[in-house]
Amino acid sequence: MDKLAIDGGEPVRKNLLPYGHQWIDEADIQAVAEVLRSDWLTTGPKVGEFERAFVDFVGAKEAVAVNNGTAALHTAMYAADIGAGDSARGITKDENIPRAEVIVPPMTFASTANCIVFQGGTPVFADVDPETLLIDPAQVEAKITPRTKAIIAVDYAGQPCDYDALRAIADRHGLTLVADACHALGGSYKGRPVGSLADLNSFSFHPVKHITTGEGGMITTDDPELAQRMRIFRNHGITTDHRQREQQGSWFYEMVDLGYNYRLTDIQCALGISQLRKLSRWVKRRQEIARCYDQAFAEIPTVEPLEVRKDVSHAYHIYMIRLNLAQLRVTRAKVFSALRAEGIGVNVHYIPVHLHPFYRERFGTGPGLCPVAEAVYEGLITLPMFPAMTDADVDDVILAISKVISTYC
Ligand SMILES: Cc1ncc(COP(=O)(O)O)c(C=O)c1O
C-alpha cells in the first residue's frame, strides 16, 4: 500500500470531499427567482404550499414551517407544554419551582437538549443502544419521574427509533412523544413514514440535510389545535400574520402568548417545494451509497458500521463507522487526520451532549452518566454521504479507509 498523505505520500484525492453537501438545480433556482419577482417574500402563499407538500410526503395531518431545525424543536417543546412548574411559558426565574423533565439521548446535536432548556425544562439523559446508537427504551423507562412530561427520540444518522416501544412507554406514563427527525426525512418504521411516528416530529433543512432551504425547519403533527398554537408561536405569539390582516383589510391583532419570529420566508419555501420533488430519488441514492460502504467494510474487521434494524428504511443523513481501537495502533484522532489528508472530509457526530461544559455546569451532568454513548463516541467517524456523490467519490472513500486502516493495523 502507498505511503499515507499525512506522511508525505500522494493523497487519494486532491480536493476535499465534504461529508455532506446540498444539491441545487436549475428548477430550484427558477422557483426562488419566481418568488423574488412576486409580491410576497415572506408570510405569502408558498408557506402553506410547502406545508401541504410536506404533509403529503410524510403522511401527517399538519405541518408548520419554521426558520431552522432548532426553532422546530423549540416550537415542539412549547406545544408539549414544557416549562417550569405549571407554566408552559418557561420564563420564570424562580429556581424553587419544579421544572418539567424531558428525556433525551446524549448522542445528538446540542439543540435537541437546548430546546428543553429554552422553555425552562430540565433535560434528562437516557443512554443509547450500543449497536444502533438510538435511545434505549429500557433506559427511557428507568429515567421517568413524576416530573417527566415528554420524550424526545432522535433518529440518529437517519435510522428511525423503536417508536412502538417508545409509544407504549409514553402512553403508560401520559407523556408527549417528540421525534427529532432532523436526520431521517424520507425514512420509515414498519412501513410508516418518518414525520407521522410521534406526537410532534421536527425536521431541519440545513444544506447537509436531505433537502435544503438554506436554513429551515418543520414540525408535523396530527393535532390541528397544536398546529394552530405552533403557528401563533412562530409569529411572536400573535393571532394573525401580515398577509391575513392584508386579506381582511384589518390592522387589528392580539398577542396571546410569548412567541418568537421563527417564520420561514416564501423564498425558502419555494426552494423547499422544489427540493421535496427530488427527495425520494435522493434517499434511494443515499441507501445505494450505504450498501457500497457496507459491502466494503464487511472485509475490514477494525471498521464496524452501525447496526440497521430489519423493520426500518434508513434515510442515511450520515454514515457512521466505529473503529475498533483495541486492534488499531493509533487513536481516532490520528485516523481522522490521516483521512482528511487523503482528501476525505470526515467528521464526528457527536460529542455526547451531557459532556458539554454548559450541561456539566448547569445540570451537573458528566462522565459516567451515559456510559454506552461515552464509550462508543471514542471510536466514531462520520464518512461522506450525500446524493450528488459519484461512484468514483464512493470508491475514493473506501480506498482511503483501506489505505489508512491497513497502515495502522
Ligand atoms: C439531530 C439534530 N437536531 C437538531 C438540529 C438542528 O437543526 P438546525 O441546524 O436546522 O437548527 C440538527 C442539525 O444539525 C440535528 O442534526
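In this text, all values refer to a predicted model and were calculated from it rather than measured experimentally.

Chemist: Provide a residue-level description of the nonpolar core, including the pertinent values.
Modeler: Ranked by internal contacts, the top residues of the largest apolar core, which has 91 residues, are F50, F54, M107, Y156, Y163 and L200. When residues in this core are grouped by element, the largest group, seven residues, is from helix α3 (residues 69-79). Sequence-distant contacts of F54, that is, excluding residues within four places in its chain, are made with A63, L185, F203, F205, M218, T220 and L276. If you look at the next biggest cluster of nonpolar residues, it comprises 33 residues, including L4, I321, A338 and V404.

Chemist: Tell me what's going on with the confidence of the model for the protein, and back it up with residues and numbers.
Modeler: Of all residues in the protein, 96% attain a pLDDT of 70 or more, and the chain-wide mean is 95. For the protein, helix α8 (residues 242-248) is the element with the lowest average pLDDT, namely 84, and strand β9 (residues 217-221) is the one with the highest, namely 99. This stretch, residues 86-91, has a pLDDT under 50; its non-local contacts, to residues over four places away or in other chains, come to 13 contacts.

Chemist: Residue-level account of the pairing of strand β13 (residues 380-383), with values.
Modeler: Here β13 shows a buried face lined by L380 and T382 and a second buried face lined by I381 and L383. Pairing analysis gives four bridges linking strand β12 (residues 319-323) to β13, with the strands arranged antiparallel. The residue bridging M320 from the neighbouring strand is T382, located in β13.

Chemist: So what about the site of the ligand? Which residues, and what values?
Modeler: As a matter of local geometry, the ligand sits amid 14 residues, with G69, T70, D180, S204 and K209 nearest to it. A distance of 2.8 Å separates an oxygen atom of the ligand from a polar side-chain atom of S204. Contributions of two or more residues to the shell around the ligand are made by α3 and α4 (111-118). The dominant element in the shell around the ligand, judged by the number of residues it contributes, is α3, at three residues. Taken together, the residues that form the shell around the ligand break down as four nonpolar, eight polar and two charged.

Chemist: Before we move on, could you go through unusual backbone geometry and cite the residues and values that matter?
Modeler: A negative phi holds for most residues other than glycine; trans holds for most peptide bonds. Here the bond from H349 into Y350 is cis, since omega is 5°, no more than 30 degrees from zero. Although it is not a glycine, Y316 sits at a positive phi angle of roughly 45°. As for its placement among the helices and strands, Y316 is situated in the loop between β11 (312-313) and β12.

Chemist: So what's going on with the side chain of T220? Which residues, and what values?
Modeler: By the element assignment, T220 lies in strand β9. Ignoring anything within four residues of it in the chain, the contact list for T220 reads F54, V58, A60, E62, A63, G195, D199, L200, N201 and F203.

Chemist: Can you tell me about the environment of K14, naming the residues and giving the values?
Modeler: Its location among the elements puts K14 in the segment before α1 (26-36). Expressed as a C-alpha distance, the spacing of K14 and A341, which sit 327 residues apart in the sequence, is 9.2 Å. At 3.0 Å, the side chain of K14 and the side chain of E10 are in polar contact.

Chemist: Requested: an account of the side chain of T122, with residues and values cited.
Modeler: For T122, the position within the fold is in strand β3 (residues 122-125). If sequence neighbours within four positions are ignored, T122 has contacts with R99, A100, E101, V102, I116 and F363.

Chemist: I'd like a rundown of the packing of aromatic side chains, residues and numbers included.
Modeler: Per the counting criterion, the structure on display carries 21 aromatic pairs. Aromatic rings pair up to connect F50, F54, F203 and F205 into one cluster. In this arrangement the basic side chain of R229 is found over the ring face of Y78, its NZ or CZ atom lying 4.5 Å from the centre. Over the ring of Y377 we find R332; its NZ or CZ atom is 4.6 Å from the centre of that ring.

Chemist: So what's going on with the environment of G48? Residues and values would help.
Modeler: Along the chain, G48 turns up in helix α2 (residues 45-58). Separated by 221 residues in sequence, G48 and C269 have C-alpha atoms that sit 8.7 Å apart.

Chemist: Pulling in residues and values, what's your account of the pattern of salt bridges?
Modeler: As a working rule, side chains carrying opposite charge can pair if their charged atoms are close by. Counted by the stated rule, this structure contains 22 salt bridges. Its salt-bridge partner being E10, residue K14 comes within 3.0 Å of it at the nearest N-O pair. For the residue pair K14 and E10, the accessibility class agrees, reading exposed in each case. In this structure, the salt-bridge partner of R322 is E131, at a minimum N-O distance of 3.4 Å. Pair noted here: R322 is in strand β12 and E131 is in the loop between β3 and α5 (137-142), with a separation of 191 residues, a long-range link. Take R322: its relative accessible area is 11%, and that puts it in the buried class. What you see here is one network of salt bridges that share partners, running through E51, E62, R231 and R234.

Chemist: Before we move on, can you summarise the environment of I381 with the specific residues and values?
Modeler: By the secondary structure assignment, I381 is in strand β13. Under the relative-accessibility criterion, I381 is labelled buried at 0%. For the pair formed by I381 and R322, sequence separation is 59 residues and the distance between their alpha carbons is 6.5 Å. Other than its neighbours up to four places away in sequence, I381 contacts Y319, M320, I321, L323, R332, V335, F336, L339, V346 and N347.

Rules behind the numbers
Starting afresh in each chain, residues are numbered from 1 along the sequence in its written order. Local features in a predicted model are, by the rule used here, given only for residues with pLDDT of at least 70; side-chain atom pairs are given and counted only at 80 or more, and totals for whole chains, interfaces and linings are based on all residues. Just so you know, side-chain values use all the structure's heavy atoms and leave hydrogens and water out. By convention a nonpolar core is built from buried Ala, Val, Leu, Ile, Met, Phe, Trp, Tyr and Cys residues, the set being connected through side-chain atoms within 4.5 Å. When a residue's accessible area, from a 1.4 Å probe over protein chains only, is under 20% of the maximum for its type it is buried; when over 50% it is exposed; and in between it is partly exposed. Runs of E in the DSSP output that reach at least two residues are strands. Runs of H or I that reach at least four are helices, and both are numbered from the N terminus. Any two residues having at least one pair of non-hydrogen atoms within 4.5 Å are treated as being in contact. One confidence number per residue, pLDDT, is output by the predictor and ranges from 0 to 100. Only strands joined by at least two bridges in the DSSP assignment are considered to pair. Here a residue counts as near a molecule or strand whenever at least one of its heavy atoms sits within 4 Å of it. Under the rule applied, a polar contact is a pair of N or O atoms within 3.5 Å (in protein, one hydrogen donor and one hydrogen acceptor; residues adjacent in sequence only if both atoms are side-chain atoms). Under the convention adopted here, Pro, Cys and the residues Ala, Val, Leu, Ile, Met, Phe, Trp and Tyr are nonpolar, Asp, Glu, Lys and Arg are charged, and Gly plus all remaining residues are polar. Stacked, edge-to-face and tilted labels apply to pairs of Phe, Tyr and Trp rings (six-membered ring for Trp) whose centres lie within 6.5 Å, assigned for plane angles under 30 degrees, over 60, and everything in between, in that order. Counted as over-ring charges are cases with an Arg CZ or a Lys NZ within 6 Å of the ring centre that also lie within 35 degrees of the ring normal. Salt bridge criterion: a side-chain nitrogen from Lys or Arg within 4 Å of a carboxyl oxygen from Asp or Glu.

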